[in-house]
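# What the coordinates show
Each chain, written out:
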Protein chains: 4
Amino acid sequence: MNTVTQPDRRIRKTRKALRLALQHLLLDKPFEQITIRDISNEADIAYTTFFRHYPDKEALLSDLADDEISALLDLTLPMFSTESSHASTLTMCEHVHENERLWRALLAGGAAGNIRQLFVSQVEMRFDQWPTVMEWLPPEISATIMCGVTLDVLTWWLGKAPDKTAEEIAGILDRFFALTAS
Amino acid sequence: MNTVTQPDRRIRKTRKALRLALQHLLLDKPFEQITIRDISNEADIAYTTFFRHYPDKEALLSDLADDEISALLDLTLPMFSTESSHASTLTMCEHVHENERLWRALLAGGAAGNIRQLFVSQVEMRFDQWPTVMEWLPPEISATIMCGVTLDVLTWWLGKAPDKTAEEIAGILDRFFALTAS
Amino acid sequence: MNTVTQPDRRIRKTRKALRLALQHLLLDKPFEQITIRDISNEADIAYTTFFRHYPDKEALLSDLADDEISALLDLTLPMFSTESSHASTLTMCEHVHENERLWRALLAGGAAGNIRQLFVSQVEMRFDQWPTVMEWLPPEISATIMCGVTLDVLTWWLGKAPDKTAEEIAGILDRFFALTAS
Amino acid sequence: MNTVTQPDRRIRKTRKALRLALQHLLLDKPFEQITIRDISNEADIAYTTFFRHYPDKEALLSDLADDEISALLDLTLPMFSTESSHASTLTMCEHVHENERLWRALLAGGAAGNIRQLFVSQVEMRFDQWPTVMEWLPPEISATIMCGVTLDVLTWWLGKAPDKTAEEIAGILDRFFALTAS
DNA sequence: CTCTAATCGAGACGGTACGTCGCGTCTTACG
DNA sequence: CGTAAGACGCGACGTACCGTCTCGATTAGAG
């Protein structure tokens with residue numbers, strides 16, 4: 001057997017409850033205004049138990065966001081190479097639209113900076129799946145810029161143009177990617 | 001006379017001291033870790049006096065950042081129209097390089113989100129000076145994206161590629177702007 | 001003027017409230033079971049304000065006990081020299097009896113050790129008023145022993161023989177002092 | 001058979017380990033600062049196991065102190081009646097001196113109150129061995145006072161006059177007992 | 001050149017959240 | 001299948017910072 005021993009079932013349960021609790025609370029108020037007590041109340045675990053799992057609420061957010069970003073990228077990045085850029089961006093926009101409130105929360109508050117970092121990191125870790133970019137663009141920065149633009153557009157969509165359809169947004173992103181790939 | 005009456009000399013002095021103090025402190029630690037007590041100590045004014053001028057430290061940061069962004073845009077945006085895009089971006093990069101530590105502070109910590117907002121706002125207020133963009137790009141978002149990319153590149157420069165010269169960075173930005181203006 | 005500047009009136013007021021609050025709470029439950037939150041609630045001051053005045057509840061107890069011990073000794077020690085030993089001990093017992101619940105609290109719980117220390121200290125500070133003792137008794141310990149016996153008797157009275165009158169207890173103490181002064 | 005069934009040998013072993021552990025730890029820090037985790041670590045038993053034997057650390061201390069007080073009294077009280085008061089007190093002081101650090105620990109910290117109680121209790125249980133006392137002294141209190149003085153003197157010895165010899169201390173106690181027996 | 005009002009220094013205070021520590025119970029995974 | 005290992009609930013602690021409040025002391029700038 002080469003599987004790593006799974007942590008105690010109670011631990012997995014508690015962490016899951018915490019992630020869910022944060023996710024719910026994020027629908028109501030920005031991350032900075034959420035206290036650890038809020039989270040533990042919502043998750044129905046003892047306040048002090050929180051610290052047995054995460055050193056602070058940022059760590060919990062990272063955990064949560066990592067999961068969500070993973071899900072998003074797992075869903076869309078593969079299509080980027082195999083199918084078409086459009087299929088990929090459309091799928092992404094649709095997924096974000098379905099989880100609108102969560103993504104709004106992730107991209108809105110002061111935590112947006114962290115999320116960007118996580119997003120870029122994950123993309124860079126899968127960099128072999130990333131399309132070729134323009135020769136004048138240092139490769140180290142291309143992921144940063146692509147992710148940056150993507151998140152900028154998504155943030156703008158969720159925040160200021162919620163009436164646009166996923167197709168429209170995907171179209172914008174698509175054109176952008178086309179520009180750099182020319 | 002249509003000039004607004006200048007506030008009391010003491011007021012101007014105090015606010016200036018506060019802005020300077022924050023600027024100095026930002027060289028040492030991220031914005032979130034700076035307390036109002038830190039700022040008032042550094043500025044050598046009474047803690048309570050801070051609140052007579054700003055409701056919270058975010059307000060002070062906005063004040064400071066607004067000034068700095070104004071200075072940057074005053075310097076570069078005009079050249080964009082009158083001279084060349086390259087002259088403009090180069091001037092911008094050089095100015096950022098000269099005030100490197102301040103801009104690093106502005107773009108690094110959790111306050112980066114706020115700074116982005118301010119940057120976009122100011123650019124939009126001067127939108128008549130902004131170049132025409134691609135027809136498929138909704139005009140409301142073009143400033144957001146352009147600013148986003150600009151700040152992404154600057155952040156990357158200051159954070160991860162400090163060895164690049166201002167010319168190189170200006171070149172990258174330049175090419176990007178050219179893409180969208182085609 | 002040789003008077004030391006009194007602290008801020010608010011400070012004196014707050015400390016007095018805290019002492020009173022502890023005194024009241026001691027009538028209900030032993031010192032160890034009283035929390036700082038109990039005290040600050042009872043005193044109607046903010047929890048954190050407590051720490052601006054005392055590092056912990058032990059310090060507050062010392063303050064309170066010091067006052068009470070002072071009062072007791074001011075009342076009784078002078079009579080020891082000027083009048084008779086009996087007048088002195090009787091006054092002491094009566095005073096303790098009048099403040100029975102407080103003294104019961106001071107002498108009962110785990111804080112009794114501290115109280116003993118304070119009592120001995122104060123007596124030693126007024127040592128010139130202390131009667132001559134037996135030659136075979138090292139002077140450094142005479143106060144300790146006298147105070148010890150006194151407190152032991154008082155503790156026994158309050159705890160196990162509450163029906164005895166102040167006169168009876170004073171008589172016992174009196175005889176004891178007579179023994180050592182012979 | 002009228003002997004009470006001895007508990008399981010393992011139980012006796014565990015309890016002994018716990019008592020020893022507490023005894024060792026008391027040499028390092030006062031009782032209040034010792035945690036149950038400290039004790040179980042020192043005793044090399046599981047934390048949870050502690051509670052199978054004692055409800056809290058106070059109970060363990062009582063157990064330990066009871067043993068030690070028993071040992072002391074078994075050693076000295078018999079001599080009080082059969083031989084001389086001096087032989088008795090001297091033996092007591094010597095025994096305390098030999099177990100100096102333990103007794104210092106028992107008599108120093110906030111636990112001193114408990115120890116006093118235990119001491120008096122045990123003495124009262126052997127009251128038939130106690131010498132006759134003065135007629136004006138209610139018999140119920142004589143043990144309390146005698147024990148009180150004894151412990152006061154011992155505490156003073158260990159804490160503030162460690163240079164005195166056991167003989168000197170025994171002499172003081174001796175004279176005291178003589179006073180009351182006159 | 002005063003006089004009046006705004007500004008500032010100082011710091012006690014109420015309050016929120018934090019993160020830590022220790023206790024004692026309860027569960028789980030392992031031998 | 002019983003037990004150590006340890007997750008957990010709980011409650012108190014002491015800290016850091018916030019923002020409000022009062023009270024004097026100082027100082028600007030208008031008359």
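Residues numbered from 1 in each chain as written. Chains lettered and ligands numbered in written order. Predicted model: local features only at pLDDT ≥ 70, side-chain atom pairs only at ≥ 80, totals over all residues. Heavy atoms only, no water.

### Notes on the domain arrangement of chain A
All names here are of chain A. With domains assigned, chain A is organised as domain 1 (9-55) and domain 2 (59-181). Computed over C-alpha atoms, the centres of domain 1 and domain 2 are 26 Å apart. Opposite the twelve residues of domain 1 that make contact, domain 2 presents twelve residues. When domain 1 packs against domain 2, the two sides together hide about 1,200 Å² of surface, and 76% of this comes from carbon and sulfur. A per-residue breakdown of the area domain 1 buries against domain 2 is headed by Arg19, Leu26 and Leu27, which together make up 42% of the total. At the boundary of domain 1 and domain 2, one finds two salt bridges. Between Asp63 and Arg19 there is a salt bridge; the shortest N-O distance is 3.2 Å. The tally of links between domain 1 and domain 2 comes to three residue pairs in polar contact (both at pLDDT 80 or more). (Domains from an automatic or database assignment. Contact = heavy atoms within 4.5 Å. Buried area = accessible area lost by both parts, 1.4 Å probe. Salt bridge = Lys/Arg side-chain N within 4 Å of Asp/Glu carboxyl O. Polar contact = N/O pair within 3.5 Å; in protein donor to acceptor, adjacent residues only side chain to side chain.)

### With respect to the protein's contact with DNA strand F
Around DNA strand F sit 30 residues in total, of which Thr14(A), Thr48(A), Thr49(A), His53(A) and Thr48(B) are the nearest. When atoms of DNA strand F within 4 Å of the protein are split into backbone and base, the sugar-phosphate part holds 57%. Here a base nitrogen of DNA strand F and a side-chain polar atom of Thr48(A) are 2.7 Å apart. One of the side-chain N or O atoms of Arg9(B) is found 3.0 Å from a phosphate oxygen in DNA strand F. Looking at the surface near DNA strand F, the elements that each hand over two or more residues are α1 (9-26) and α3 (47-53) of chain A, α1 (9-26), α2 (36-43) and α3 (47-53) of chain B, α2 (36-43) and α3 (47-53) of chain C together with α3 (47-53) of chain D. (Near = heavy atom within 4 Å. Helix = DSSP H or I, 4+ residues; strand = E, 2+ residues; numbered from the N terminus.)

### Comments concerning the protein's contact with DNA strand E
The environment of DNA strand E is made up of 39 residues, and the closest members are Thr14(B), Thr14(C), Thr49(C), His53(C) and Tyr47(D). Among atoms of DNA strand E positioned within 4 Å of the protein, sugar and phosphate together represent 54%. In this structure, a phosphate oxygen belonging to DNA strand E sits 2.5 Å away from a side-chain N or O atom of Thr14(C). Note that a phosphate oxygen of DNA strand E is positioned 2.7 Å from one of the side-chain N or O atoms of His53(C). For the surface near DNA strand E, the residue count by class is 13 nonpolar, twelve polar and 14 charged. (Nonpolar A, V, L, I, M, F, W, Y, C, P; charged D, E, K, R; others polar.)

### Some details on the packing of helix α8 (residues 139-160) of chain C against helix α8 (residues 139-160) of chain D
At a minimum axis distance of 9 Å, the contact between α8(C) and α8(D) shows a crossing angle of 145 degrees. Crossing angle aside, the handedness with which α8(C) passes α8(D) is right-handed. Counted together, Glu140(C), Ile141(C), Thr144(C), Ile145(C), Gly148(C), Val149(C), Asp152(C), Val153(C) and Trp156(C) of α8(C) and Glu140(D), Ile141(D), Thr144(D), Ile145(D), Gly148(D), Val149(D), Asp152(D), Val153(D) and Trp156(D) of α8(D) form the full contact between these two elements. Among the residues forming the contact of α8(C) with α8(D), the class breakdown is ten nonpolar, four polar and four charged. (Axes fitted to C-alpha atoms, helices over the stretch in contact; angles between N-to-C directions. Left-handed = near helix turned anticlockwise from the far one by under 90°.)

### Some thoughts on the relation of the copies chain C and chain D
Aligned on chain D, chain C shows an RMSD of 0.1 Å; the corresponding rotation is 180 degrees and the shift along the axis is 0.2 Å. Taken together, the rotation and translation relating the two chain copies correspond to the operation of a two-fold axis. Interface residue correspondence from chain C to chain D reaches 91%, placing this contact among same-surface, isologous pairings. (Least-squares fit on C-alpha atoms with pLDDT ≥ 70 in both.)

### Some words on the packing of aromatic side chains
Considering all chains together, one arrives at 14 aromatic pairs over all chains under this definition. Aromatic side chains Phe176(A) and Phe176(B) sit 6.4 Å apart centroid to centroid with 25 degrees between the ring planes, which places their arrangement in the stacked category. With one member in each of two chains, Phe176(A) in helix α9 (residues 166-181) and Phe176(B) in helix α9 (residues 166-181) form a pair that bridges those chains. A relative accessible area of 1% means that Phe176(A) is categorised as buried. Ring centres 5.6 Å apart and planes at 80 degrees place the aromatic pair Phe50(B) and Phe51(B) in the edge-to-face group. Here Phe51(B) falls in the partly exposed class, since its relative accessible area comes to 37%. Through successive ring pairs, a cluster of aromatic residues spans Tyr47(A), Phe50(A), Phe51(A) and Tyr54(A). Its end group placed over the ring of Phe31(C), Lys57(C) keeps NZ or CZ at 4.9 Å from the ring centre. The ring of Tyr54(D) carries Arg15(D) above its face, with NZ or CZ at 5.9 Å from the centroid. (Phe/Tyr/Trp six-rings, centres within 6.5 Å; stacked < 30°, edge-to-face > 60°. Buried < 20%, exposed > 50% of the residue type's maximum accessible area, 1.4 Å probe, protein only. Lys NZ or Arg CZ within 6 Å of the ring centre and 35° of its normal.)

### Examining the relation of the copies chain B and chain A
Once chain B has been moved 0.0 Å along the axis and rotated by 179 degrees, it coincides with chain A to within an RMSD of 0.1 Å. The residues that chain B uses at the interface reappear at the interface of chain A in 100% of cases, marking a shared surface.

### Observations regarding the interface of chain B and chain A
On the side of chain A, 21 residues touch chain B, which itself brings 21 residues to the contact. Carbon and sulfur atoms supply 75% of the area buried between chain B and chain A, which totals about 2,200 Å² over both sides. Connecting chain B to chain A are two salt bridges. As a salt-bridge pair, Asp152(B) and Arg116(A) come within 3.7 Å of each other at their nearest N and O atoms. Inspection of the chain B/chain A interface yields zero residue pairs in polar contact (both at pLDDT 80 or more). Mapped onto the side of chain B that touches chain A, the elements with two or more residues apiece are α8 (139-160) and α9 of chain B. Top element by residues in the side of chain B that touches chain A is α8(B). It accounts for nine residues. A per-class count over the side of chain B that touches chain A returns twelve nonpolar, four polar and five charged.

### Brief notes about the pattern of salt bridges
If you walk through the whole model with that rule in mind, you get 30 salt bridges over all chains. Overlapping salt bridges, with partners in common, bring together Arg116(A), Asp152(A), Arg116(B) and Asp152(B) in one network.

### Overview of the environment of Ala46(B)
Topologically, Ala46(B) is positioned in the loop between α2 and α3. Expressed as a C-alpha distance, the spacing of Ala46(B) and Glu32(B), which sit 14 residues apart in the sequence, is 21 Å.

### A short note on the arrangement of the chains
The two units chain A and chain C remain apart, with a minimum C-alpha distance of 19 Å. When C-alpha atoms are compared, chain A and chain D, though not in contact, are closest at a spacing of 18 Å.

### Things to note about helix α5 (residues 85-98) of chain C
Between its terminal C-alpha atoms α5(C) stretches 20 Å, which fits the 20 Å expected from 14 residues at 1.5 Å a residue. Listed as buried for α5(C) are Ala87(C), Ser88(C), Thr89(C), Leu90(C), Thr91(C), Met92(C), Cys93(C), His95(C) and Val96(C). (Expected span 1.5 Å × (residues − 1).)

### Some thoughts on the interface of chain C and chain D
Taken together, the contact between chain C and chain D spans 22 residues of the former and 21 residues of the latter. Between chain C and chain D the total buried area reaches about 2,200 Å² when both faces are included, carbon and sulfur atoms providing 75% of it. Contact with chain D buries area across many residues of chain C, yet Trp136(C), Trp156(C) and Phe176(C) alone supply 27% of it, more than any other trio. Joining chain C to chain D, the criterion identifies two salt bridges. Taken together, the links from chain C to chain D amount to zero residue pairs in polar contact (both at pLDDT 80 or more). Every element with two or more residues in the side of chain C that touches chain D is listed here: α7 (112-125), α8 and α9 (166-181) of chain C. With nine residues, α8(C) is the largest single contributor of residues to the side of chain C that touches chain D.

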